[in-house]
Amino acid sequence: MSRFLDGRMPYVVCALGFLLAAWLYYWGTGYNEDKFVEIAEQREETQRQLDQRDIKIRDLNLQIREALNAPVPVKLGDPLPETRDYALGRAALQVEVAAWDIDVRPDGKGLPKGRGDVFTGEEVFSENCATCHGDFGEAVDRWPVLAGGHDTLAEEDPVKTIGSYWPYLSTVYDYVYRAMPFGNAQSLSHDDVYAITAYLLYVNDLVEDDFELSHENFGSISLPNEKNFYPDDRATTEYAAFTGEPCMSDCKQSVEITARARVIDVTPEEEGAEKQEVAALDTDQAVSSLVASGERVFRKCRSCHEIGASARNKSGPQLTGILGRKFGSLDNFNYSSAFKQAASEERIWDEASMAAFLAKPKGYLPGTKMGFAGLKKQEDLDAIIAYLKSAGE
Amino acid sequence: MAENNTTRRSFLKAGLTGAAATIATGAYAEGDPAITEIQPWMQELGEGVDARPYGTPSPFEKHVKRRNVEWLTADPVSSVNFTPLHELDGIITPNGLCFERHHAGIAEVDPAVHRLMINGLVEKELVFTMQDLMRFPRENRVYFLECAANTGMEWRGAQLNGCQFTHGMIHNVMYTGVPLRYILEAAGVKPNGKWILPEGADASGMTRSIPIEKALDDCMVAFKMNGEALRPEQGYPVRLVVPGWEGNMWVKWLRRIEVGDQPWHHREETSKYTDLFKDGRARRFTWEMDAKSVITNPSPQAPITHGKGHTVITGVAWSGRGTIPRVDVTIDGGKNWQKARISGPSFDKSMHRFYFEFDWDGRELLLQSRAHDSTGYVQPTKNELRKVRGENSIYHNNSIQTWYVNEKGVAENVEIS
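What you are looking at is a predicted structure, and each value in this text was computed from that prediction instead of being measured.

1. Section: the overall build of chain B
Inference 1: Broken down by element type, chain B carries 8 helices and 24 strands.
Inference 2: At 23 Å, chain B has a C-alpha radius of gyration in line with the 22 Å of a compact globule built from 417 residues.
Inference 3: By the burial criterion, 62% of the 417 residues in chain B qualify as buried.
Inference 4: In chain B, of all internal contacts separated by at least 6 residues, the share reaching a separation of at least 24 is 72%.
Inference 5: Each charge sign in chain B was given a centre, from 48 positive and 51 negative side chains, and these centres are 4 Å apart.

Here it is as structure tokens:
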């Protein structure tokens, strides 16, 4: 039975399909105009209702949004969990705390043992600090002034220095030890910092030239301006005056312009071609990795030196094309006599002399005023020389 | 010279908009070529997804950048640059445009060897790795950071032509970090622990004294800004967040916090960040930033280029003591004021954005904005502030800024009676 049907199945399906198609065709062409118009109208009416419903919904959505946008307090999130022992971190070792805790306070807390006199201070200062701050703290160019300015604080142009303004000597010690010389922080010994601090007191006319400063007499020194600081009192002196409903209309008769920035003309201009040249130089250098690490080493130098096509002298001479250049050869830079001497001997910078100089500037050329301790690692020396070469091309 | 330069781009812009206006009025019968002609980007394929793995702004925006005022400091390594406020909108400052101020250059700290130490008057002196820090509960907060010296060049008169330079030492970002309270409580602050001294790992070893109440209140140890890692120039991998207080206290590259019973009176809170008054005496510990606002558009770097008609004035306002419920704007130099419209979330100690729309009749304008904060404090005029403080305090100049706009729409920094 099933075999019989199996064989004829396709014919049966075909025949049924044909009959269905014929019937559909007949019914479909039986076009009834009245019926059509009636249905079309119904359809249109339903569409109208739907449209109105959409408009209504859009209005309601807007109303919802408005209600949501009404100024309600901003929600910042759920409250933070209560503190508990998270068992995070580990105990700090004494040696670790000692390595980092270098801060000194006016009451002497944190002051290490040591001593240094004005005479030594003058030497250390002229070696490490004078290129920027001047021999007597008077400052070179726009570097900070460290001395003078007495009795200027109430004047039009106050000069704020250690002697004229700073309230505590401990701040000098703390800051010089922690942050100076600029670009070579924490390189000075405690005795050197005592000596420099003594020298800074001396150039500010606060001690005689035979003075020695130590952890023992530190507490006996006070700075003249200490009493002229007082805590923030804005809450009592200003807030009442600057509170309340201000005038909103017809607040003044006339308004005059009393000052204009244009007259002063100190706004920076758009960068010129100069800067772009330096940038181009930077990208070329990234190609070689030795040169690239030399560029990183040069960060130690760039507080005093510029290099590249548009480099200028800073507190140190510009270093463009330095390898192959004569020692101390820039006319517009005031070299030390050590360098003037080397120049008169027609000495030329090559890799060997550069490496020796940068390893220990004052050892290689005694009397140089380059306030830089030297590069200790051979790889830094190799890298910086590669960089100096590439930046000179 | 400066005037020519700051407005060069504006004239260019003016030229463009001028042309567009002519087209719109039908001078080109053939239609606007921006529409009728096929532009290259309508036809050619652009770069694929690998071209910009870390996206950068459109080349048409390349003028939008932080800028330095060279004469301000001896060296760009200990210096400051400024946020281009006149190019921004909303309340969030993009990470790459947040102004920078560092004292020994940008420290490039390797997070794998970065540690945070807590020492001093605590039960347990502790050391944390970055991973340890990230296992404390975190929070997300939007705060402004303003340098106390912002607007410091303007005490003696109108100096710099551009709100980038007069007001750009501020940014406003969302921080992700750990409430400092958790970290201090892990170490256990002793009863006589009244102050903390955060310290940075850079070559300036930045330190500031902060009272313990603030430290336990809303300070954060943050490692993310606007969702991504802190930028190196903002203290990567971790910085202190001291909401509402002067930016110098937000120690970057934070490596140590000492707890003590007295303030340290370090260089940044004696020689610097103290406010010298005309009698020669100085206020210290002026931490809170008072309410302040500035109109960012129009301003000298962003003149009106569309001519008269409907004009949008916008600006920002903030207060270190709360939110900004209201900003007033005047267009006639303070004869009459109107309330501006604040738009965007109003977070505590965060920037607020305001707008003031009006029909410009093409006559000269003297624009000012005046912030009110949630304590009722109203931003003072420059003269009111100078009367109290003199002209030598450098820091905390939160006075009302005036821009003069001429008939051409060119804006200038001025002072008025």
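Structure's up, so let's keep going.
2. Regarding unusual backbone geometry
Inference 1: Cis rather than trans, the peptide bond between Met180 of chain A and Pro181 of chain A has omega equal to -5°.
Inference 2: One can find Pro181 of chain A in the loop between α6 (169-179) and α7 (190-203).
Inference 3: Look at Asn226 of chain B: it is not a glycine, yet its phi comes out positive at around 50°.
Inference 4: Inspection of the secondary structure assignment puts Asn226 of chain B in the loop between β10 (220-225) and β11 (228-229).
Inference 5: Judged by its relative accessible area of 27%, Asn226 of chain B falls in the partly exposed class.
Inference 6: Of note, the phi angle at Lys349 of chain B is positive, near 55°, even though the residue is not glycine.
Inference 7: Along the chain, Lys349 of chain B falls in the loop between β20 (341-343) and β21 (352-360).

3. Some words on a nonpolar patch on the surface
Inference 1: Taken together, the side chains of Leu16, Phe18 and Leu19 of chain A make up a nonpolar region of the molecular surface, amounting to roughly 380 Å² of accessible area.
Inference 2: Its location among the elements puts Phe18 of chain A in helix α1 (residues 2-29).

4. Observations regarding the interface of chain B and chain A
Inference 1: Taken together, the 114 residues of chain B in the interface contact 90 residues of chain A.
Inference 2: Summed over both sides, the interface of chain B with chain A buries roughly 8,900 Å², with 52% coming from carbon and sulfur.
Inference 3: Scanning the region where chain B abuts chain A turns up 12 salt bridges.
Inference 4: We note a salt bridge from Lys109 of chain A to Glu258 of chain B, for which the minimum N-O separation is 3.5 Å.
Inference 5: Between chain B and chain A we count 49 residue pairs in polar contact (both at pLDDT 80 or more) in total.

5. Considering the domain arrangement of chain B
Residue and element names in this part refer to chain B.
Inference 1: Split into domains, chain B comes out as domain 1 (67-283) and domain 2 (292-414).
Inference 2: Between domain 1 and domain 2, the C-alpha centre-to-centre distance is 27 Å.
Inference 3: Contacts between the two partners involve 45 residues from domain 1, matched on the other side by 43 residues from domain 2.
Inference 4: Applying the counting rule to domain 1 against domain 2 returns 3 salt bridges.
Inference 5: The interface formed by domain 1 and domain 2 holds 27 residue pairs in polar contact (both at pLDDT 80 or more) in total.

6. Here's the deal with the sheet that holds strand β8 (residues 195-200) of chain B
Inference 1: Taken in spatial order, the 6 strands make up an open sheet running β1(A)-β5(B)-β4(B)-β13(B)-β8(B)-β9(B), and their pairing is mixed. Single-partner strands in this sheet number two, and they are β1 (90-91) of chain A together with β9 (210-211) of chain B.
Inference 2: Summarising the sheet, β8 of chain B and strand β13 (residues 254-260) of chain B pair through 6 bridges and their orientation is antiparallel. Bridge pairing links Gly200 of chain B to Leu254 of chain B in β13 of chain B.

7. Side note on the state of the cysteines
All names here are of chain A.
Inference 1: As enumerated under the stated definition, the model contains 1 disulfide over all chains in all.
Inference 2: Here Cys247 connects covalently by a disulfide to Cys251, the sulfurs 2.1 Å from one another. With the S-S bond torsion at -100°, the cross-link from Cys247 to Cys251 turns out left-handed.
Inference 3: Classification of Cys251 as partly exposed rests on a relative accessible area of 28%.

8. Concerning the packing of aromatic side chains
Inference 1: Throughout the structure, instances matching the rule amount to 31 aromatic pairs over all chains.
Inference 2: Seen from their ring centres, Trp143 of chain A and Phe182 of chain A are 6.0 Å apart, and the 65° between their planes marks the pair as edge-to-face. Taken together, the positions of Trp143 of chain A in the loop between α5 (130-133) and α6 and Phe182 of chain A in the loop between α6 and α7 put the pair 39 residues apart, joining distant regions of the chain.
Inference 3: Judged by its relative accessible area of 9%, Trp143 of chain A falls in the buried class.
Inference 4: Pairing Phe356 of chain B with Phe358 of chain B gives two aromatic rings, centres 5.9 Å apart and planes at 25°, and the pair type is stacked. There is no split in this pair, since Phe356 of chain B and Phe358 of chain B are both buried.
Inference 5: Aromatic ring contacts, followed pair by pair, group Phe327, Phe333, Tyr335, Phe339, Trp349, Phe357 and Tyr364 of chain A into a single cluster.
Inference 6: Of note, Arg181 of chain B hangs over the ring of Tyr182 of chain B, and the distance from its end group to the ring centre comes to 5.4 Å.

Calculation criteria
Each chain has its residues counted from 1, running along the sequence as written. The naming scheme follows written order: chains are lettered A onward, ligands numbered 1 onward. Where totals are concerned, whole chains, interfaces and linings use all residues; where local detail is concerned, this predicted model gives features only for residues with pLDDT of at least 70, and gives and counts side-chain atom pairs only at 80 or more. The basis for every side-chain value is the complete set of heavy atoms in the structure, and neither hydrogens nor water enter the calculation. By definition, any uninterrupted DSSP run of H or I lasting at least four residues is a helix, any uninterrupted run of E lasting at least two residues is a strand, and each is numbered from the N terminus. Atoms counted for the radius of gyration: C-alpha only. Globule rule: 2.2 Å times the number of residues to the power 0.38. Exposure classes here rest on a 1.4 Å probe applied to the protein chains alone. A residue is buried below 20% of its type maximum, exposed above 50%, and partly exposed in between. Contact criterion: two residues are considered in contact whenever any of their non-hydrogen atoms come within 4.5 Å of each other. The convention is simple: Lys and Arg are positive, Asp and Glu are negative, and His and the chain ends are not counted. The atoms used to mark charge sites are NZ of Lys, CZ of Arg, CG of Asp and CD of Glu. Distance thresholds for patches are 9 Å for like charges and 5 Å for nonpolar side chains (Val, Leu, Ile, Met, Phe, Trp, Tyr), applied to residues having over 30% relative accessible area and no salt bridge. In this description, accessible areas are obtained by the Shrake-Rupley approach with a 1.4 Å probe, and a residue is regarded as covered only by the protein chains that are shown. The term salt bridge refers to a pairing of a side-chain nitrogen on Lys or Arg with a carboxyl oxygen on Asp or Glu at a separation within 4 Å. What gets called buried area is simply the loss in accessible area from a 1.4 Å probe that two parts show on being joined, summed for both. Polar contact criterion, stated in full: a pair of N or O atoms within 3.5 Å, where within protein one must be able to donate a hydrogen and the other to accept it, and residues adjacent in sequence count only if both atoms are side-chain atoms. Start and end positions for the domains come from either an automated domain assignment or a database one. Between any two strands, at least two bridges found by DSSP are needed for them to pair. In plain terms, two cysteine sulfur atoms within 2.5 Å form what is called a disulfide here. Only the six-membered ring of Trp is used, alongside the rings of Phe and Tyr, when aromatic pairs are assigned; centres must lie within 6.5 Å, and planes under 30 degrees apart are stacked while those over 60 apart are edge-to-face, with the rest tilted. Think of it as a cone above the ring: NZ of Lys or CZ of Arg counts as a charge over the ring if it is within 6 Å of the ring centre and within 35 degrees of the ring normal.

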